[in-house]
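Summary of structural features
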Amino acid sequence: MKPIQKNERLTLSKIVSENLKEYILDYQLVPGQKLPSERDLVKMLNVSRTVLREALRILESTGIITIRHGEGAYVQDDSNLSSLFEHMIFMWKLGNKTRGDLLELRHIFELTAIEQAVQRASDEDLEALEQLALRMQAFTDTKSIQDADIEFHRGLLKATNNKLFVQMTDLIIEYFANVPHDHMDAIERDKSVSDHLRIVEALRERDAAKGKQLLTSHLNYSKKYMQSVNESL
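Read on for a plain summary of the structure.

Section: unusual backbone geometry
A negative phi angle is the norm for most residues apart from glycine, just as the trans form is the norm for most peptide bonds. With a phi angle near 60°, N46 is a residue other than glycine that sits in the positive phi range. Structurally, N46 is set in the loop between helix 2 (38-45) and helix 3 (49-61). The backbone phi angle of N161 is positive, close to 55°, even though this residue is not glycine. Structurally, N161 can be placed in the loop between helix 7 (142-158) and helix 8 (163-177). Its relative accessible area of 46% is what places N161 among the partly exposed residues.

Side note on helix 8
Within an α-helix, residues lying three or four positions from one another point in the same direction, as the helix has 3.6 residues per turn. With 15 residues, helix 8 ought to run about 21 Å at 1.5 Å a step, and its terminal C-alpha atoms sit 20 Å apart, in line with that. The largest bend in helix 8 comes to about 30°, at D170. Considered for burial, the residues of helix 8 that qualify are F165, V166, Q167, T169, L171, I172, I173, Y175, F176 and A177. Between the side-chain oxygen at the start of helix 8 and the backbone nitrogen of L164 there is a gap of 3.2 Å, and the oxygen is on N162.

Quick notes on the pattern of salt bridges
Scanning the entire structure with this criterion turns up 16 salt bridges. Across the pair E127 and R204 runs a salt bridge, and its minimum N-O distance is 3.4 Å. Of the two residues, E127 sits in helix 6 (residues 123-135) while R204 sits in helix 9 (residues 186-204), which places them 77 residues apart along the sequence. For K191, the salt bridge is made with D195, and the minimal N-O distance between the two is 3.0 Å. Of this pair, K191 and D195 both sit in helix 9, four residues apart, which is roughly one turn of that helix. Owing to a relative accessible area of 28%, K191 belongs among the partly exposed residues under this scheme. When its relative accessible area of 10% is taken as the criterion, D195 is described as buried.

Quick notes on empty space enclosed by the protein
A complete count under the given rule lists one cavity of 30 Å³ or more for this structure. One number sums up the size of the largest cavity: a volume of about 210 Å³. Lining the largest cavity are 20 residues, and of these D149, H181, M184, H218 and S222 lie nearest its centre. When contributions to the lining of the largest cavity are tallied by element, the ones reaching two or more residues are helix 5 (99-120), helix 7, helix 9 and helix 10 (208-222). Among the elements that line the lining of the largest cavity, the one with the most residues is helix 7, at five residues. Residues of the lining of the largest cavity, tallied by class, amount to ten nonpolar, six polar and four charged.

Rules of the game
Residues numbered from 1 in each chain as written. Predicted model: local features only at pLDDT ≥ 70, side-chain atom pairs only at ≥ 80, totals over all residues. Heavy atoms only, no water. Helix = DSSP H or I, 4+ residues; strand = E, 2+ residues; numbered from the N terminus. Buried < 20%, exposed > 50% of the residue type's maximum accessible area, 1.4 Å probe, protein only. Expected span 1.5 Å × (residues − 1). Bend = angle between axes of the 7 residues up to and from the residue. Polar contact = N/O pair within 3.5 Å; in protein donor to acceptor, adjacent residues only side chain to side chain. Salt bridge = Lys/Arg side-chain N within 4 Å of Asp/Glu carboxyl O. 1 Å grid on protein atoms, 1.4 Å probe; cavity = no way out; pocket = protein on both sides within 12 Å on 5 of 7 lines; lining within 4 Å. Points joined across faces, edges and corners; volume = space filled by probe spheres on them. Nonpolar A, V, L, I, M, F, W, Y, C, P; charged D, E, K, R; others polar.

Written out as structure tokens, the structure is:
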């Protein structure tokens with residue numbers, strides 16, 4: 001990292017935060033690894049402790065680092081993208097986006113998951129997905145049925161064997177895990193189980209077109225149980 005020049009146009013704290021990101025990449029720091037101490041960073045960047053702390057707070061607010069009081073700053077776990085998703089949801093709220101808009105985005109992502117799973121999912125992946133589908137049969141209350149449904153769709157994402165894709169799309173799945181649903185009885189549960197098993201079978205047949213058709217039908221049917229689909233996020 002190069003020392004900060006006082007005549008730079010951007011605010012010092014923003015410049016420092018960008019330099020710290022470069023440092024993390026250049027030195028290949030991994031999640032959980034500690035950044036240099038405040039004293040060392042102040043010397044390296046030629047800025048005050050106040051500016052440095054502001055820069056560190058910027059990185060913490062975006063989920064790049066975590067600050068442990070009395071210990072220092074650490075690179076954030078790469079599986080923790082919740083702060084990024086919270087920021088996205090806030091921006092979507094400002095734009096008056098609805099749950100229906102987010103559901104459409106989820107639909108697009110899961111159609112992609114079908115395509116990728118057809119190409120990449122192993123027999124073990126599909127066996128695990130089938131077991132997730134069958135688990136729903138044990139539940140009778142709406143919340144447990146909803147939770148089991150969400151776990152199946154998480155399993156579908158994992159079957160792509162693309163870690164980054166799973167991380168990004170799981171944020172949207174997590175949102176819908178907390179959206180209230182209307183009452184679902186045993187008949188609706190059994191239909192969901194059947195839908196899920198048919199999707200798994202299409203994946204075993206390596207038939208992406210069939211899998212996407214089944215997924216679309218399933219999501220469109222499930223939408224009627226989601227409360228306030230057209231409500232703002």
